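# Understanding the architecture of this molecule
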Amino acid sequence: RFSARAIANGMHRNRVRHSRALMQRIRQSLNNLKRQGCITQKTKGNRLCFTLTNKGHVRVLRAQLLSAPEHPRDTHTLVFFDIPEKQRTVRALFRRLLKESGFEQWQKSVWGSNRNVFHVIKMFIHHHAIDEWVTICTTKEVLHRKEKRG
């Protein structure tokens, strides 16, 4: 037989062990993110503050793009862009993000996706201040779209 106090003490020890293990996993994850260049760490008083870097921001957006729900049949998110050569770094980043997130290149600077990602793409565009060179739309019944043949 166990007393209520003994049971409570055992439960408390289990919670403390669980809490320590959880804190250790969180510290490891934060250290990995820092090492990968996804977050920066600052100390303000006795508090630690973490901030997403541009690389971290892009990773979050990529994960959101990949996990976004699909559009209903025959509906697509289209992205049109003409980002100038002076902005080649952000243009390459944008193109890579589209490609790695499941967009298909329909023409040189026209990409399409069957996922509902309008707002995620909009966040990237605003964050990188490329609004004036990018157009996004959600459309139905795209005519003359080449279908992949398998």
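What counts, and at which threshold
- Residues numbered from 1 in each chain as written.
- Predicted model: local features only at pLDDT ≥ 70, side-chain atom pairs only at ≥ 80, totals over all residues.
- Heavy atoms only, no water.
- Helix = DSSP H or I, 4+ residues; strand = E, 2+ residues; numbered from the N terminus.
- Buried < 20%, exposed > 50% of the residue type's maximum accessible area, 1.4 Å probe, protein only.
- Contact = heavy atoms within 4.5 Å.
- Areas by Shrake-Rupley, 256 points an atom, 1.4 Å probe, with all protein chains shown as cover.
- Axes fitted to C-alpha atoms, helices over the stretch in contact; angles between N-to-C directions.
- Parallel < 35°, antiparallel > 145°, perpendicular 65-115°, else oblique.
- Left-handed = near helix turned anticlockwise from the far one by under 90°.
- Nonpolar A, V, L, I, M, F, W, Y, C, P; charged D, E, K, R; others polar.
- Core = buried A, V, L, I, M, F, W, Y, C linked by side-chain atoms within 4.5 Å.
- Expected span 1.5 Å × (residues − 1).
- Arc of directions from axis to C-beta.
- Polar contact = N/O pair within 3.5 Å; in protein donor to acceptor, adjacent residues only side chain to side chain.

## Observations concerning the overall build of the protein chain
Tallying secondary structure elements over the protein chain gives 4 helices and 6 strands in all. Along the protein chain, helices and strands appear, N-terminal first, in the series α-β-β-α-β-α-β-β-α-β. Out of the 150 residues in the protein chain, the part that is buried amounts to 27%. Restricting to contacts in the protein chain with at least 6 residues of sequence separation, those with at least 24 account for 62%. About 11400 Å² of surface is accessible on the protein chain, with carbon and sulfur atoms providing 51% of the total.

## Re the packing of helix α2 (residues 54–67) against helix α4 (residues 118–127)
Any two packed helices are characterised by the angle at which their axes cross and by the distance between the axes. Taken N-terminus to C-terminus, the directions of α2 and α4 make an angle of 165°; their axes are 10 Å apart at the nearest point. As summarised for this structure, α2 and α4 are arranged roughly antiparallel, according to the angle between their axes. Taken as a pair, α2 and α4 cross one another with a handedness that is left-handed. Listed contacts from α4 to Asn54, His57, Val58, Leu61, Gln64 and Leu65 of α2 are Val120, Ile121, Met123, Phe124 and His127. The residue makeup of the contact of α2 with α4, split by class, is 7 nonpolar, 4 polar and no charged.

## Details of the nonpolar core
Val79, Phe94, Ile121 and Val134 are the most contacted members of the largest nonpolar core, which has 22 residues in total. Counting only elements with at least two residues in this core, the list comes to α2, β3 (75–81), α3 (88–100), α4 and β6 (134–140). No other element matches α3, which puts 5 residues into this core. Residues within four places of Val134 in sequence aside, it is in contact with Val79, Phe80, Phe81, Ile83, Phe94 and Ile125.

## With respect to α3
Its 13 residues give α3 an end-to-end C-alpha distance of 18 Å, which sits within 8% of 18 Å, the value for a rise of 1.5 Å per residue. Of all the residues in α3, the buried ones are Val90, Arg91, Leu93, Phe94, Leu97 and Leu98. Projected down its long axis, α3 carries its buried residues within an arc of 165°, all on one side. Of the exposed residues in α3, the ones pointing more than 90 degrees away from its buried face are Thr89 and Lys99. In the core, the buried residues of α3 are packed alongside α2, β3, β5 (110–113), α4 and β6. Just downstream of α3 lies Gly102, where phi reads positive at about 90°.

## Regarding the side chain of His128
Here His128 lies in the loop between α4 and β6. For His128, a relative accessible area of 15% gives the class buried. Among all residues touching His128, those that are not within four sequence positions of it are Asn54, His57, Val58, Val90 and Leu93.

## Remarks on the side chain of His71
Relative to the elements of secondary structure, His71 occurs in the loop between α2 and β3. Residue class for His71 comes out buried when judged on its relative accessible area of 12%. Reaching out from His71, the side chain makes a polar contact with the backbone oxygen of Arg115 at a distance of 3.1 Å. Ignoring sequence-local partners within four residues, the contact set of His71 consists of His76, Thr77, Ser113, Asn114, Arg115, Asn116 and Thr138.

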